[in-house]
Amino acid sequence: MKKIVLTAIFAAATAASLSAASIAACASCHGANFDKPALGKSEIVKGWDEAKIVASLNGYKAGTLNVHGMGAVMKGQVAKLSDADIADIAKQIAAIK
């Protein structure tokens, strides 16, 4: 029983930190304030609203978006994100002022 409880606590902690890790991964290319073009090619995403971020991430995930030739790179980055992860990431990025 103790193992089950510890496993559940670990899983919850991992899930809670997933979004922070995901946005950190985004920031490694887009900048800490999302104010630089990723790899010198992408658009600056700072100032985008949640809906635009969600649409872009979903487009990359589906393989239907290839802005500035970044489709393959971004598809690899968002492939494992759930809809909830994408919504949470969009909310966090849109909140950056």
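Residues numbered from 1 in each chain as written. Predicted model: local features only at pLDDT ≥ 70, side-chain atom pairs only at ≥ 80, totals over all residues. Heavy atoms only, no water.

### Some points on the packing of aromatic side chains
- As enumerated under the stated definition, the model contains zero aromatic pairs in all.
- Residue placement shows K52 over the ring face of W48; its charged tip is 4.3 Å from the ring centre. (Phe/Tyr/Trp six-rings, centres within 6.5 Å; stacked < 30°, edge-to-face > 60°. Lys NZ or Arg CZ within 6 Å of the ring centre and 35° of its normal.)

### Thoughts on the nonpolar core
- Core analysis: the biggest nonpolar cluster contains 18 residues, and F34, I53, L57, M74, V78 and I93 have the highest contact counts within it.
- Going through the elements one at a time, α1 (2-30), α2 (50-62), α3 (71-78) and α4 (83-94) are the ones with two or more residues in this core. (Core = buried A, V, L, I, M, F, W, Y, C linked by side-chain atoms within 4.5 Å. Buried < 20%, exposed > 50% of the residue type's maximum accessible area, 1.4 Å probe, protein only. Helix = DSSP H or I, 4+ residues; strand = E, 2+ residues; numbered from the N terminus.)

### Quick look at the confidence of the model for the chain
- Model confidence for the chain is summarised by a mean pLDDT of 85, while 78% of its residues fall at 70 or above.
- Scored below 50 in pLDDT, residues 10-17 shows zero contacts in the model against residues more than four places distant or in partner chains. (pLDDT = per-residue confidence, 0-100. Contact = heavy atoms within 4.5 Å.)

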